[in-house]
Amino acid sequence: MKKILAWLLIWASIFASSYAYTTEELKAANSLAKRWVINDHMMNPSAYNLDSQVLRQEIAAIARWVAWAKKATKCKKMFKDLTDTKPNTWACVNVEPLVENWLIAKNEYFRPEDPITKTETLWMLIKSIGFDYSYDPSNPKNWQEQIVDFAVSKWIVDKFTDYNTYATRGWVFEIADYSIDLKEKEDKLKENKTYSDEAAIDKEFWIDISEILDF
C-alpha cells in the first residue's frame, strides 16, 4: 500500500509540473497561434513552453505584430548582433521595423537571445499598441513603477512589484493577446463611428472593454 501511495505521489507531482501554466495563459497562446503570431501547438500545449523565460527577439516579433508594423524584406544590419542569419533568419526582420517605427531605440547591440524583464516587456508592448504613454521625469516614481501603474490603469496587468523578474512566455502571451484584442476593438470602433471629440471614442471604448477581458 505504501508503495502504491508513493507511486501515486510521484505521478501526481509529474502531472502537476507538466501543467503549471494557467488556463488564461494557455487560452492566450492558442489565440495567438490562431492569429499566426506564434507557432500552433494546440495539440501539444507543453510545446508552448509557457513557464520558460521569453527572449528579447521573441518579444520584438510579438511587438511588431501588435503594432501592425510591416515585417522588413531584408536586414539592414542596424545592430551588430543581428543579421539575416544570426542568431536566426527571422529575428532581424522583426526587430528593425520597431526602430523604424520609433518603438525601440537604436543601440549598438540588441541582445536578441537575452531574457527580458516584466517591466521591459510592458514598455515594449504598450508602445507597440499605441497607448499615449510617456515617462514623467518629474514623478518621484521610477520608470518601472510608472509603466506598471499605467498598465494597471488600462487593465493590462494586475499590480506587481517584482520589476526585474524575467517574463515568462505564458505571461507575455496573455498580455500580447489582450493587447491585440484591445487594438482591434478600438480600431473597429473608430472605423464604424465618427466623432468630433476623441474623448467620446475613449469613453465608449472603455465602457465596452469588459467584453474582452478574461480575468
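Residues numbered from 1 in each chain as written. Predicted model: local features only at pLDDT ≥ 70, side-chain atom pairs only at ≥ 80, totals over all residues. Heavy atoms only, no water.

**Q** What am I meant to see in the overall build of the protein here?
**A** Scanning the protein from terminus to terminus reveals eight helices and zero strands. Going residue by residue from the N terminus, the α and β elements of the protein occur as α-α-α-α-α-α-α-α. Among the 215 residues that make up the protein, the fraction classed as buried is 43%. Total accessible area on the protein is roughly 12800 Å²; 54% of this is exposed by carbon and sulfur atoms. (Helix = DSSP H or I, 4+ residues; strand = E, 2+ residues; numbered from the N terminus. Buried < 20%, exposed > 50% of the residue type's maximum accessible area, 1.4 Å probe, protein only. Areas by Shrake-Rupley, 256 points an atom, 1.4 Å probe, with all protein chains shown as cover.)

**Q** What is the right way to look at helix 6 (residues 143-153) in this model?
**A** Every α-helix carries 3.6 residues per turn, so stepping three or four residues along brings you back to the same face. Of the positions making up helix 6, those classed as buried are Gln144, Gln146, Ile147, Val148, Phe150 and Ala151. Where helix 6 is buried, its residues meet helix 5 (118-129). Among the residues of helix 6, the N-terminal cap falls to Asn142, whose side-chain oxygen and the backbone nitrogen of Gln144 are separated by 3.0 Å. (Contact = heavy atoms within 4.5 Å. Polar contact = N/O pair within 3.5 Å; in protein donor to acceptor, adjacent residues only side chain to side chain.)

**Q** Looking at this structure, I do not really get the nonpolar core. What am I missing?
**A** Generally speaking, nonpolar side chains in soluble globular proteins are found buried as a group. Grouped together as the largest cluster of nonpolar side chains are 55 residues, with contacts concentrated most on Leu122 and Ile156. Mapped by element, the contributors of at least two residues to this core are helix 2 (23-34), helix 3 (56-67), helix 4 (91-100), helix 5, helix 6 and helix 7 (169-192). Considering every element that reaches this core, the biggest residue donor is helix 7, with eight residues. Here Leu122 is in contact with Ile147, Val148, Ala151, Ile156, Val157, Phe160, Trp171 and Ile175, once residues within four sequence places are set aside. (Core = buried A, V, L, I, M, F, W, Y, C linked by side-chain atoms within 4.5 Å.)

**Q** Can you walk me through the confidence of the model for the protein in this structure?
**A** Detailed reading of the predicted model is not advised wherever pLDDT is low. This prediction gives the protein a mean pLDDT of 80; 80% of its residues lie at or above 70. Taken as a whole, residues 1-18 scores under 50 in pLDDT and shows zero contacts with residues more than four places along the chain or in a different chain. In this model, residues 198-215 is a region of pLDDT below 50 whose contacts with residues beyond four sequence positions or in other chains number 34 contacts. (pLDDT = per-residue confidence, 0-100.)

**Q** Before we go on, may I ask you to explain the layout of surface pockets in this structure?
**A** The method is simple in principle: a probe with the dimensions of a water molecule rolls over the atoms, and the space it marks as empty is what remains. Taken as a whole, the largest pocket encloses approximately 390 Å³ of empty space. In terms of lining, the largest pocket is formed by 18 residues, of which the most central are Val37, Ile38, Asn39, Ala61 and Trp90. Here the lining of the largest pocket gets five residues from one element, more than from any other, and that element is helix 3. The biggest single contributor to the lining of the second largest pocket is helix 5, with three residues. (1 Å grid on protein atoms, 1.4 Å probe; cavity = no way out; pocket = protein on both sides within 12 Å on 5 of 7 lines; lining within 4 Å. Points joined across faces, edges and corners; volume = space filled by probe spheres on them.)

**Q** It is not clear to me how unusual backbone geometry should be interpreted in this structure. Could you clarify?
**A** For residues other than glycine, phi is negative in most cases, and the peptide bonds are mostly trans. Note the cis peptide between Lys86 and Pro87, where omega equals 0°. Tracing the backbone shows Pro87 in the loop between helix 3 and helix 4. Although it is not a glycine, Lys77 sits at a positive phi angle of roughly 60°. Looking at where Lys77 falls in the secondary structure, it is placed in the loop between helix 3 and helix 4. The class of Lys77 is exposed, set by a relative accessible area of 57%. At Arg111, a residue that is not glycine, the phi angle is positive and equals roughly 55°. Counting through the fold element by element, Arg111 comes out in the loop between helix 4 and helix 5.

**Q** I'm lost on the pattern of salt bridges in this one. Help?
**A** Two side chains with opposite charge may pair up if their charged atoms get near one another. Counted according to the given criterion, the structure contains nine salt bridges. Its salt-bridge partner being Glu58, residue Arg169 comes within 2.8 Å of it at the nearest N-O pair. With Arg169 in helix 7 and Glu58 in helix 3, this pair connects stretches of sequence that are 111 residues apart. For Arg169, a relative accessible area of 17% corresponds to the buried category. Each member of the salt-bridge network shares a partner with another, and the members are Arg35, Asp177 and Asp181. (Salt bridge = Lys/Arg side-chain N within 4 Å of Asp/Glu carboxyl O.)

**Q** What should I look at first to understand the packing of helix 5 against helix 7 in this one?
**A** Helix-helix packing is described using two parameters, namely the angle between the two axes and the distance between the axes. The N-to-C vectors of helix 5 and helix 7 enclose an angle of 15°; their axes lie 11 Å apart at closest approach. If you check the angle between helix 5 and helix 7, you find them roughly parallel. For the crossing formed where helix 5 meets helix 7, the hand is right-handed. Residue-level inspection shows Lys118, Thr121, Leu122, Leu125, Ser128 and Ile129 of helix 5 in contact with helix 7, the latter providing Trp171, Val172, Ile175, Ala176, Ser179, Leu182 and Lys183. Partitioning the contact of helix 5 with helix 7 into residue classes produces eight nonpolar, three polar and two charged. (Axes fitted to C-alpha atoms, helices over the stretch in contact; angles between N-to-C directions. Parallel < 35°, antiparallel > 145°, perpendicular 65-115°, else oblique. Left-handed = near helix turned anticlockwise from the far one by under 90°. Nonpolar A, V, L, I, M, F, W, Y, C, P; charged D, E, K, R; others polar.)

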